[in-house]
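# Per-entry structural report
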Amino acid sequence: MSLIKEIQRRRTFGIISHPDAGKTTLTEKLLLFGGAIQEAGAVKSNKIKKGATSDFMEIERQRGISVATSVLAFEYNGIKINILDTPGHKDFAEDTFRTLTAVDSVIVVIDVAKGVEEQTEKLVEVCRMRNIPMIVFINKMDREGKDAFDLLDEIEQKLGLNVVPLSFPIGMGYEFKGIYNIWERNINLFSGDSRKDIEETIEISDLQSPELNTLVGNTAAETLREEIELVEGIYPAFNREDYLNGDLQPVFFGSALNNFGVRELLDCFIDIAPKPRPKQSEERIVNPNEDKFSGFVFKIHANMDPNHRDRLAFIKIVSGTFKRNTPYLHVRHNKKLKFSSPNAFFAEKKEIVDISYPGDIVGLHDTGNFKIGDTLTEGEAINYKGIPSFSPEHFRYINNADPLKSKQLYKGIDQLMDEGVAQLFTLELNGRKVIGTVGALQYEVIQYRLEHEYGAKCRYENLNVYKACWIDPNGSKPEEYNEFVRVKQRFLAKDKQEQLVFLADSPFSLQMTQQKYPSIKFHFTSEFN
Ligand code: GDP
């Protein structure tokens, strides 16, 4: 098949939600439709169990699952679908942000009873900033929850979206009778035990038809007619262009657990969701249909087996075809690398592949060459943008607790940082190392992995930092900049890319510093060019 045809038939997306909204359940049902798994329960939840902070087995279990579910690929109606896993736990939000750089669209799952929750807000904000096309799935309609219109309002207000319902529930909870599919203009009735079977739909071309009353009863039929009239009055007509630009978000209702409303979602998704899109690099926009291969690393997974020091780097293919045993340029190192056993991921297994296309993810075995954001090409020096570091929320000094193992410690820290587990800052004043993380859980992960994978021991020491701000010297007045560097030396550090970072100890001191040195730009992410 030609490159263009392969691109046309690919959809690469992520499912985002607050933990417990139903992401894993929905993923599983999508895989069932694709015939990629045979029964429910095959997809393991990558959720952190409560109390996991001190349970190291849990960390390992979690990492194992996270490898297994990193990418789930399947075919449905001739379309190759790649689902990229996004951890819902807030301590791993940074992993999710990075994964979002590799998706072409997302599905947002919302629990009908809980409405918009905290993690959903944060993740949707990132998608909105990047204009990623989003479809919303309101889940658990078999339970009592919020009124559909209220919830749609809440989504618009809290998430800043412009919604357009493409399906609408007929009742909810005990009274949940089914879904009217506005997109296809048919009705899907809920029997309550459609978990395994793919339900039948009943075509209703005219909502006024008495058949509707026979099917769902007079009251529900009347309510539905009124509600659909309201929907048509309030919400704009669906427009694919607006959806693709991130200006309009279609909404579906259903119950993932009962496999209800999932097929409607999937059918609409493969129809409207974007195929792999052009990507902006620092140098130029790269189109998927260019003959020359390019791709970037968005995730690294390491050392699942302590006897084999290898890592798996996940590459999203942006353009051209990726072929096995072909030398590609590692742009940052300016050297050619060849991969004899690239992995492709399917629902329950990974396999060596000879060729992959834009939108696909390949896993490359790596002995320490890659870090997140690295680009591979056929020779051109392209650097993909858009994998910034955000200011961590927690900061601690990391100290060596076994002086005989300092080499191991530094190697371990170096590799864990390349994987994106946390961020390292080196203080300008005394060279002390500070680890910054999004969540407290990461400190345990780092300590455990340093010990088990590198044979090194570390100790943490508290440090009072409110935020890390990246300093952009460009455009600042030299005398102001020099004074800043001199006066604030105690608060300055370098990140791993040798960029200067100001570690503010309070919102107040940050504000004062910004006022005192107005020509210096303070950035809250590492990528500001
Ligand atoms: P995740 O944390 O977003 O991956 O959520 P899960 O898929 O693990 O679901 C969390 C819980 O909600 C599980 O107990 C599911 O069985 C349940 N659940 C998921 N979908 C539905 C649904 O449609 N209806 C009901 N009643 N429960 C659901």
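Definitions and limits used
Residues numbered from 1 in each chain as written. Predicted model: local features only at pLDDT ≥ 70, side-chain atom pairs only at ≥ 80, totals over all residues. Heavy atoms only, no water. UniProt positions renumbered as here; feature names shortened; annotations may be inferred. Salt bridge = Lys/Arg side-chain N within 4 Å of Asp/Glu carboxyl O. Helix = DSSP H or I, 4+ residues; strand = E, 2+ residues; numbered from the N terminus. Buried < 20%, exposed > 50% of the residue type's maximum accessible area, 1.4 Å probe, protein only. Domains from an automatic or database assignment. Contact = heavy atoms within 4.5 Å. Buried area = accessible area lost by both parts, 1.4 Å probe. Polar contact = N/O pair within 3.5 Å; in protein donor to acceptor, adjacent residues only side chain to side chain. Pairing = 2+ DSSP bridges. Near = heavy atom within 4 Å. Areas by Shrake-Rupley, 256 points an atom, 1.4 Å probe, with all protein chains shown as cover. Nonpolar A, V, L, I, M, F, W, Y, C, P; charged D, E, K, R; others polar.

An unreviewed UniProt entry annotates the protein as Peptide chain release factor 3 of Snuella sedimenti. Per UniProt, the protein has the following entry under Subcellular location (unreviewed entry): "Cytoplasm". Under the UniProt heading Sequence similarities (unreviewed entry), the entry covering the protein gives this text: "Belongs to the TRAFAC class translation factor GTPase superfamily. Classic translation factor GTPase family. PrfC subfamily."

## Some remarks on the pattern of salt bridges
All chains considered together, the criterion is met by 29 salt bridges. Across the pair Asp 414 and Lys 496 runs a salt bridge, and its minimum N-O distance is 2.9 Å. Taken together, the positions of Asp 414 in helix H11 (residues 406–419) and Lys 496 in the loop between strand S29 (492–494) and strand S30 (500–504) put the pair 82 residues apart, joining distant regions of the chain. Under the relative-accessibility criterion, Lys 496 is labelled partly exposed at 29%. Between Glu 428 and Lys 494 there is a salt bridge, with its nearest N and O atoms 3.7 Å apart. Remark: Lys 494 occurs in strand S29 and Glu 428 occurs in the loop between strand S25 (423–427) and strand S26 (433–437); sequence separation between them is 66 residues.

## Considering the domain arrangement of the protein
When the domains of the protein are assigned, the result is domain 1 (9–73 + 87–97 + 104–272), domain 2 (279–377) and domain 3 (394–523). For domain 2 versus domain 3, the distance between C-alpha centres works out to 29 Å. At the interface, 9 residues of domain 2 touch 10 residues of domain 3. Together domain 2 and domain 3 conceal approximately 860 Å² of surface at their shared face, both sides included; 37% is due to carbon and sulfur atoms. On inspection of domain 2 and its partner domain 3, the count reaches 2 residue pairs in polar contact (both at pLDDT 80 or more).

## Looking at the pairing of strand S3 (residues 79–84)
Most of S3 is tucked away: 6 of the 6 residues are buried. In S3, alternate side chains face the same way, and those of Ile 79, Ile 81 and Ile 83 on one face and Lys 80, Asn 82 and Leu 84 on the other are all buried. Direction of pairing for strand S1 (residues 10–17) relative to S3: parallel, over a ladder of 5 bridges. Bridging from a neighbouring strand, Arg 11 pairs with Ile 81 of S3. Pairing between strand S2 (residues 71–76) and S3: 6 bridges, direction antiparallel. By the bridge assignment for S3, Val 71 is matched with Leu 84. Linking S2 back to S3 in an antiparallel pair, the connection comprises 2 residues, with Asn 77 at a positive phi of about 50 degrees.

## Things to note about the site of the ligand
Around the ligand sit 17 residues in total, of which Asp 20, Lys 23, Thr 24, Thr 25 and Ser 255 are the nearest. For the ligand, an oxygen atom lies 2.7 Å from a polar atom in the side chain of Ser 255. Protein burial of the ligand: of its 580 Å² of free accessible surface, 81% is covered by the chains. No other element matches the 3 residues that helix H2 (residues 23–33) contributes to the shell around the ligand. Across the shell around the ligand, the residue classes tally to 4 nonpolar, 7 polar and 6 charged.

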